[in-house]
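In case you want the letters, here they are:
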Amino acid sequence: MTILLKETVQTIAQSIGINNLPEEVAEALAPDVEYRMREIMQGAIKCMLHSKRTTLTTEDVNSALQLHNIEPLYGFASGGPLQFKRAVGQSDLFYVDDAEIDFKELMDAPLPKAPLDTAVVIHWLAIEGVQPAIPENVPLEAFTPSVELKKIDTLLSKKKDDEFGVEVKLPVKHVLSQELQVYFEKITGLIISRANPSLIKAALDSLATDSGLHPLVPYFTQFIADEVVRNLDDIDLLFSLMRVVRSLLINPHIHIDPYLHQLMPSVITCLVAKRLGRKSAENSAPGRKFIDNHWDLRDYVANLISFICRRFGRVYHNLQPRITKTLLQAFLDPKRAMTQHYGAIKGLAALGPRVVGLTVLPNVETFLKHLAPDLSMEAQRSEMKRNEAMRVYGTLLTAIGVCMTSRLKYFPVFFLPRTWNPGGQGKIVTARRTVVSNSLSDSCTVSQLTNTSPRKTTTSADAQDSQPMEIECIGHSYHSSMSTIELPSQDVKSDAKIVVDVSGMDHSQHQSQDMARSREQVEPSDSDKAIFPLSDSWKEDVTLGPLFSSLIDLFGEALLPFVPRTELNIFL
Amino acid sequence: MEEEQIKNAVLAYLQKKGYRQAELAFQEEDLKSTSSSFKTDTDIANQILRYSKLDNVPASYKEAYSKLRNWVHSSLDLYKHELLRILYPVFLHCFMDLVAKGFQQEARSFFQNFKDDYETLHLRDLQKLEGVLSSDHLQEMELARSLRENKVTVKMCQFSFDLLLQYLHNTDSSLMLGVVNEHINLQVTPGQPTSWSDDDMGPLLGKPQEGVSEVNTKEIKWGMLEDSLEDKAEKELAGEAEKAEAEGKEAEGDEARKKMGEAGKAKKLKKDKVSGTAGKSLKTETTSTNSGVPRVKSELPMAIFSEESERRALDDLRNRARLSSSALPSVSFYTFLNTHNSLNCASISTDGAMVVGGFADSSLKVWDMTKSTEQHSSFSSVRLWNIPLTANLVCYKGHNYPVWDVQFSPVGHYFASASHDRTARVWSMDRAQPLRIMVGHFSDVDCVQWHVNCNYIATGSSDKTVRLWDVATGECMRLFTGHRGMVTCLSMSPDGRYMASGDEDGAIMLWDLGSGQSISPLMGHTGSVWTLDFSCEGSLLASGSADNSVRIWDVIGSLKPPRIEEKNAIRRLRLLKTLPTKATPVYSLRFSKRNLLFAAGAFNPAKKL
């Protein structure tokens with residue numbers, strides 16, 4: 001009935017030395033105690049209001065006690081909340097867990113940092129009724145008047161204009177002050193005209209730090225979108241634009257969230273566009289390099305995208321999945337140009353090793369197969385194309401390597417090089433390119449061989465095994481909490497199919513190698529276990545050993561720098 | 001069957017009342033006449049049954065009340081809000097009846113069941129009453145006692161009244177009828193039912209409401225102070241204008257000279273507009289707005305200013321920026337940083353050069369914007385400080401409880417204080433004892449404010465009223481009711497005619513001192529209003545609140561005489577501008593003599609958990 005039970009009263013009575021408080025007395029006291037407590041709390045609220053605060057403090061309660069001529073509670077206030085503990089053997093008795101503090105300890109402890117002293121600062125809240133956009137004021141559009149207020153306003157305007165008028169919603173006016181217009185023109189002019197770098201740097205600094213730029217954000221996003229589309233061949237301008245994007249993103253006074261969807265296409269374009277910068281033929285200007293260095297731009301943009309995902313990923317849950325999807329499509333499509341592949345891999349790598357593990361790793365073999373012709377001297381004549389392919393290969397290697405490093409960091413225990421076969425790599429020469437082409441051509445020939453040769457029973461069994469795995473793969477991508485990627489189901493299926501093929505090849509490759517080289521090193525059971533490491537690689541708990549070894553098979557020694565020292569000595 | 005019930009009811013009644021002999025006699029009688037000997041009238045039987053039910057079952061309160069509530073809520077919209085007005089008092093009295101009869105548990109559950117209906121309007125009262133669990137508490141608590149001892153007046157139109165009576169009779173809810181009869185004074189007003197906004201039910205006052213109208217008829221001289229600086233400034237300006245007129249008289253001809261004495265102002269106004277100097281037209285308009293205000297001589301001896309300070313003040317007046325609904329003021333904000341939630345109050349000097357903060361550890365800190373000094377004060381006393389000396393000059397003791405507010409009079413060496421001991425006191429600086437004690441509020445006096453002509457002080461209290469007192473006699477001159485919570489701040493318009501008051505719920509009321517009527521409520525703030533100030537010519541009102549905003553309201557626009565249409569048209573003060581601050585509740589606002597608005601508050605960023 002009352003908040004205070006009579007048992008509570010009895011307990012309190014016991015604590016002050018009245019051992020046998022009759023039940024009736026306790027029962028009569030309980031409501032009165034509650035009433036007094038409420039009285040004191042109301043006094044405390046009054047004190048709080050007079051202190052112009054909205055949170056009740058213990059000092060308020062003490063003041064209220066003093067108001068009622070009751071002795072206040074003495075003692076030291078503890079910083080944290082009180083810890084109540086249940087008394088042993090009692091179901092409803094609690095006590096404050098008061099830790100004993102050693103006095104010496106307290107004395108010896110270093111003095112806590114002194115709190116900052118109170119200070120007064122002045123700023124203009126409004127100048128002739130208009131709030132200046134300075135950091136001390138609330139950002140302009142962040143503040144929305146309460147619904148109630150709006151109602152009153154509309155009511156008033158109705159009253160004013162016409163007693164029975166219909167409520168007319170006026171189109172939202174977006175007034176840009178003269179200063180802002182000039183500012184916008186100056187900045188855009190600077191960027192387009194490619195003035196000297198120090199000026200542009202100053203402009204970017206201003207964009208990154210100044211408050212009150214918020215009204216310009218839609219104009220800037222539009223400007224960036226337009227210019228990116230118009231000037232895909234101008235690498236310097238694109239670079240400047242991306243720097244503008246970065247500045248806008250890091251400005252703490254701008255709420256860029258609503259405009260993010262307009263910015264993202266331009267940014268992604270700069271990452272995975274087929275051609276950025278001028279064609280080499282047009283580059284006749286002396287002093288210029290062979291080709292515009294669009295690789296740097298792609299690197300920069302990849303970092304920018306990872307920054308965006310980190311900053312806004314929490315607010316927009318589908319932001320990163322969507323970016324990943326776009327990039328993955330570019331990565332998986334064999335028809336895309338090398339530059340696009342480069343951008344896609346770079347972008348995925350920038351999103352972190354986990355994303356790489358989920359997207360790139362399962363498809364790496366297919367991709368390498370596709371890449372192989374461009375890498376080899378014989379198949380690809382054009383020096384430039386080969387150069388591009390090498391870059392793609394390099395970035396892929398880095399991405400996979402970083403991914404592996406992070407995995408090794410988390411699962412060092414699983415790392416056991418089961419199918420590591422030093423003999424297999426015996427003929428690798430020191431020059432990397434030849435190594436790669438060798439191993440690749442090697443694997444290609446092997447796979448051709450295995451394709452023609454009749455399969456063994458184990459492989460067919462494994463192929464059957466792979467069927468349920470494919471389904472699991474689809475299911476997993478939807479259910480697992482860690483996988484942020486949503487692949488369209490067709491994609492998954494096709495991936496899985498590819499993977500099945502690949503793994504089949506992989507397996508046969510192992511076997512052929514095994515047959516060719518030392519049989520005693522690798523037991524057949526081991527090779528059975530290590531059949532499909534890559535297709536499984538998106539799983540977190542996958543055994544790293546076989547996975548790693550197959551990667552080594554693919555990439556050769558180049559992957560070794562990514563292996564931490566302790567793990568590395570296993571190879572030696 | 002029925003007879004058995006009746007017999008039991010009668011027996012129970014006799015037992016309860018302690019009529020031993022009657023009980024015995026009744027039992028004897030009962031035994032003698034074995035069965036259907038007494039043929040009772042069905043009407044009487046029903047009455048007896050109902051009586052027994054009513055008296056013994058506390059649940060009947062709940063039942064009857066919820067029936068009434070349902071009926072009111074399902075009644076026609078036209079009459080609904082009038083009928084709604086009686087629900088709250090009925091609810092309170094049902095609850096208190098239950099408590100008085102000792103049904104603690106039932107009272108509590110009744111309260112919990114229905115309190116949601118009233119929480120938006122009467123939260124504080126409900127919080128107070130919730131704890132009441134025994135009849136002792138009812139006696140002890142001010143609010144409950146005054147509620148039980150006095151009738152609440154509820155106005156309703158004839159038709160609503162008839163509806164209510166009909167309902168109460170038809171449904172045999174004599175219980176509710178009893179409550180209404182006992183505690184509510186139904187006032188039947190002729191004509192159509194009044195609208196929503198016109199008067200929602202005011203606070204349930206302890207004092208019978210008839211007193212209010214009586215008090216409010218007393219005559220008040222609300223004009224500006226005679227011979228004040230403003231007065232002088234006006235004269236001086238008039239002199240200047242005359243000169244200007246004299247210069248231009250050749251062109252204007254001789255008639256101008258004739259009229260110059262009285263109608264000079266209008267002419268000059270025109271002339272200034274032609275000449276186009278902003279400063280001049282500004283001055284003339286300020287003078288013209290105040291010219292219609294009567295002058296009142298102060299009954300208190302006034303201090304005499306030095307020549308120099310007077311000149312400076314006049315200078316300020318001359319350079320005052322003119323504010324109106326189209327010309328909003330500039331606001332300079334003083335933010336206290338790192339206060340750790342310990343700033344209790346803040347004040348800014350009129351020229352904005354000094355700002356003082358009062359802290360929870362009883363220290364005062366004065367910032368001269370360059371150097372800072374510290375001072376201390378204590379509980380339940382008022383101290384006078386000398387800022388140049390940073391020394392405490394006098395300690396005025398007199399209040400028995402904490403002092404909530406102190407204000408200096410606009411002119412002279414008087415000040416007023418408001419305290420938890422339910423009094424306001426007027427002091428003179430040279431005496432250690434108060435000159436007048438204003439007694440009358442039912443609860444703490446939370447804020448105090450001087451009238452511009454120094455003859456009156458206004459006090460706002462936790463009993464949700466604002467009172468105006470005559471300083472000379474100590475008499476209560478006006479009683480303003482309408483707030484729904486504790487009155488937290490007051491402000492007087494510079495012409496002395498209007499007063500604004502803000503409360504803890506965020507409402508601001510504007511009152512006409514002459515008539516004692518509320519002019520318009522200002523809704524908009526979502527947190528307690530901590531501070532209010534009128535601009536120097538009285539055209540704007542600035543309010544600062546716990547909801548981290550400064551709002552600027554148009555006073556003149558809302559004072560315009562109501563259009564002829566209907567007297568109950570919604571008239572609200574127009575909100576001109578909301579200036580949000582960055583997590584800084586506004587503690588203090590002040591218009592400078594030149595109409596620059598100063599605001600102060602403590603930056604209190606939300607803690608991340």
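Residues numbered from 1 in each chain as written. Chains lettered and ligands numbered in written order. Predicted model: local features only at pLDDT ≥ 70, side-chain atom pairs only at ≥ 80, totals over all residues. Heavy atoms only, no water.

### Describing the overall build of chain B
Along the backbone of chain B there are 18 helices and 29 strands. Counting across all 609 residues of chain B, residues that qualify as buried make up 49%. Taking as baseline every contact in chain B between residues at least 6 positions apart, the subset at least 24 positions apart corresponds to 54%. Total accessible area on chain B stands at roughly 29,100 Å², and carbon and sulfur atoms take up 51% of it. (Helix = DSSP H or I, 4+ residues; strand = E, 2+ residues; numbered from the N terminus. Buried < 20%, exposed > 50% of the residue type's maximum accessible area, 1.4 Å probe, protein only. Contact = heavy atoms within 4.5 Å. Areas by Shrake-Rupley, 256 points an atom, 1.4 Å probe, with all protein chains shown as cover.)

### Points about the packing of aromatic side chains
As enumerated under the stated definition, the model contains 18 aromatic pairs over all chains in all. Note on Phe184(A) and Phe223(A): the rings are 6.4 Å apart at their centroids and 80 degrees apart in plane angle, and the pair reads as edge-to-face. Here Phe184(A), found in helix 6 (residues 178–193), pairs with Phe223(A), found in helix 8 (residues 217–230); they are 39 residues apart in sequence, far enough to count as distant. On the accessibility criterion, Phe184(A) (17% relative accessible area) is buried. A relative accessible area of 9% places Phe223(A) in the buried class. Taken together, a centroid distance of 5.4 Å and an interplanar angle of 50 degrees make the contact between Phe239(A) and Tyr300(A) tilted. With a gap of 61 residues between them, Phe239(A) in helix 9 (residues 235–250) and Tyr300(A) in helix 11 (residues 294–312) connect regions that are remote in the sequence. Through a chain of ring-to-ring contacts, three or more aromatic side chains come together here, namely Tyr65(B), Phe91(B), Phe95(B), Phe110(B), Phe111(B) and Phe114(B). (Phe/Tyr/Trp six-rings, centres within 6.5 Å; stacked < 30°, edge-to-face > 60°.)

### Describing the packing of helix 4 (residues 59–73) of chain B against helix 10 (residues 158–170) of chain B
Residue and element names in this part refer to chain B. Contact pair helix 4 / helix 10: the axes reach a minimum separation of 12 Å and the direction vectors enclose 145 degrees. In this structure, the crossing between helix 4 and helix 10 has a hand that is right-handed. Across the interface between the two elements, Lys67, Leu68 and Trp71 of helix 4 pack against Leu163, Leu164, Tyr167 and Leu168 of helix 10. Looking at side-chain class alone, the contact of helix 4 with helix 10 contains six nonpolar, no polar and one charged residues. (Axes fitted to C-alpha atoms, helices over the stretch in contact; angles between N-to-C directions. Left-handed = near helix turned anticlockwise from the far one by under 90°. Nonpolar A, V, L, I, M, F, W, Y, C, P; charged D, E, K, R; others polar.)

### Considerations on the packing of helix 5 (residues 77–100) of chain B against helix 9 (residues 142–149) of chain B
Residues and elements named next belong to chain B. It is at 11 Å that the axes of helix 5 and helix 9 come closest, and there the two elements cross at 105 degrees. On the basis of the axis angle, helix 5 is roughly perpendicular to helix 9. Residue-level contacts link Leu92, His93, Met96, Asp97 and Ala100 of helix 5 to Ala144, Leu147 and Arg148 of helix 9. Among the residues making up the contact of helix 5 with helix 9, the classes are represented as five nonpolar, one polar and two charged. (Parallel < 35°, antiparallel > 145°, perpendicular 65-115°, else oblique.)

### Considering the sheet that holds strand 12 (residues 403–408) of chain B
Each strand in a sheet pairs with its neighbour through backbone hydrogen bonds, running either in the same direction (parallel) or in the opposite one (antiparallel). All names here are of chain B. Read from one edge of the open sheet, four strands run 12-13-14-15, paired in antiparallel fashion. Bordering the open sheet on either side are strand 12 and strand 15 (436–439), each of which pairs with just one other strand. In this sheet, adjacent strand axes meet at a mean angle of 20 degrees when their direction is disregarded. With five bridges joining them, strand 13 (residues 414–419) and strand 14 (residues 423–428) adopt antiparallel strand pairing. Paired with Tyr414 across the bridge in strand 14 is Ser428. (Pairing = 2+ DSSP bridges.)

### A few points about the sheet that holds strand 16 (residues 445–450) of chain B
Residue and element names in this part refer to chain B. Pairing within the open sheet is antiparallel, and its four strands lie in the order 16-17-18-19. Edge positions in the sheet fall to strand 16 and strand 19 (476–481), since each of these pairs with one other strand and no more. Shown here is a sheet whose adjacent strand axes are inclined to one another by a mean of 20 degrees, direction ignored. With five bridges connecting them, strand 18 (residues 465–470) and strand 19 associate as antiparallel partners. Within strand 19, the position partnered with Thr465 by the bridge is Thr481.

### Topic: the nonpolar core
If you look at the biggest cluster of nonpolar residues, it comprises 85 residues, and the most contacted ones within it are Leu396(A) and Phe555(A). When residues no more than four places from it in sequence are discounted, the contact partners of Leu396(A) are Phe331(A), Ile345(A), Val360(A), Val364(A), Phe367(A), Leu368(A) and Phe555(A). Ranked by size, the runner-up nonpolar core spans 47 residues in total, among them Tyr79(B), Cys94(B), Cys157(B) and Tyr167(B). (Core = buried A, V, L, I, M, F, W, Y, C linked by side-chain atoms within 4.5 Å.)

### Describing the pattern of salt bridges
Two side chains bearing opposite charge may form a pair once their charged atoms approach each other closely. The tally for this structure, following the rule as stated, stands at 19 salt bridges over all chains. The partner of Glu130(B) in a salt bridge is Lys115(B), and the shortest N-O contact between them spans 3.5 Å. Placement of the pair is Glu130(B) in helix 7 (residues 119–130) and Lys115(B) in the loop between helix 6 (104–114) and helix 7, with a sequence separation of 15 residues. Owing to a relative accessible area of 13%, Glu130(B) belongs among the buried residues under this scheme. Of the residues examined, Lys115(B) reaches a relative accessible area of 14% and is grouped as buried. Measuring nitrogen to oxygen at the nearest pair gives 3.4 Å for the salt bridge that ties Asp421(B) to Arg425(B). Take Asp421(B): its relative accessible area is 16%, and that puts it in the buried class. The exposure class of Arg425(B) is buried, given its relative accessible area of 9%. Taken together, the salt bridges that share partners define one network made up of Glu34(A), Arg38(A), Arg108(B), Lys115(B) and Glu130(B). (Salt bridge = Lys/Arg side-chain N within 4 Å of Asp/Glu carboxyl O.)

### Points about the side chain of Ser535(B)
Residues and elements named next belong to chain B. With respect to the element layout, Ser535 can be found in the loop between strand 24 (529–534) and strand 25 (540–545). On the basis of relative accessible area, Ser535 is assigned to the buried category, the value being 0%. Within the structure, Ser535 has its side chain in polar contact with the backbone nitrogen of Ser539 (distance 3.4 Å). Look past the residues within four positions of Ser535 in its chain and what remains in contact with it is Leu323, Pro494, Leu540, Phe591 and Asn595. (Polar contact = N/O pair within 3.5 Å; in protein donor to acceptor, adjacent residues only side chain to side chain.)

### Regarding the interface of chain A and chain B
Where the parts come together, the accessible area they lose is often given as the size of the interface. Listed as interface residues are 50 residues of chain A and, on the opposing side, 65 residues of chain B. Carbon and sulfur atoms make up 60% of the area that chain A and chain B hide from each other, which totals about 5,300 Å². The tally of links between chain A and chain B comes to five salt bridges. Of the charged contacts, one joins Glu34(A) and Arg108(B) as a salt bridge, the two residues approaching to 2.9 Å between their closest N and O atoms. Inspection of the region where chain A meets chain B yields 16 residue pairs in polar contact (both at pLDDT 80 or more). Taken together, the elements giving at least two residues each to the side of chain A that touches chain B come down to helix 2 (23–50), strand 3 (119–126) and helix 5 (147–161) of chain A. Tallying contributions element by element places helix 2 of chain A first for the side of chain A that touches chain B, with 13 residues. Within the side of chain A that touches chain B, the residues separate by chemical class into 25 nonpolar, twelve polar and 13 charged. (Buried area = accessible area lost by both parts, 1.4 Å probe.)

### Observations concerning the UniProt feature "repeat: WD" (unreviewed entry) in chain B
The sites that carry the UniProt feature "repeat: WD" (unreviewed entry) are, in the present numbering, residues 336–377, 396–437, 438–479, 480–521 and 522–555 of chain B. Annotated as 3% helix and 56% strand, the span residues 522–555 of chain B places its first and last C-alpha atoms 10 Å apart. (UniProt positions renumbered as here; feature names shortened; annotations may be inferred.)

### Examining the confidence of the model for chain B
All names here are of chain B. Scored by pLDDT, chain B has a mean of 73; 70% of the residues are at 70 or more. This model gives residues 196–210 a pLDDT under 50, and the stretch forms 29 contacts once residues within four places in sequence are excluded. Segment residues 562–571 is flagged for pLDDT under 50; beyond a separation of four residues in sequence, or across chains, it makes 14 contacts in the model. Model confidence for the complex is summarised by a pTM of 0.59, with the ipTM given as 0.72. (pLDDT = per-residue confidence, 0-100.)

### What to know about the confidence of the model for chain A
Residue and element names in this part refer to chain A. Looking at chain A as a whole, its pLDDT mean stands at 68, while 61% of the residues score no less than 70. Across residues 280–290, confidence stays below pLDDT 50; counting only partners more than four residues off in sequence or on other chains, it has seven contacts. Segment residues 413–532 is flagged for pLDDT under 50; beyond a separation of four residues in sequence, or across chains, it makes 124 contacts in the model.

### Brief notes about helix 5 of chain B
All names here are of chain B. The terminal C-alpha atoms of helix 5, which comprises 24 residues, lie 35 Å apart, in line with the 34 Å expected from a rise of 1.5 Å per residue. At Leu83, helix 5 shows its largest kink, close to 25 degrees. A large share of helix 5 lies buried, amounting to 19 of its 24 residues. The positive-phi residue at the C-terminal boundary of helix 5 is Gly102, with phi of around 90 degrees. (Expected span 1.5 Å × (residues − 1). Bend = angle between axes of the 7 residues up to and from the residue.)

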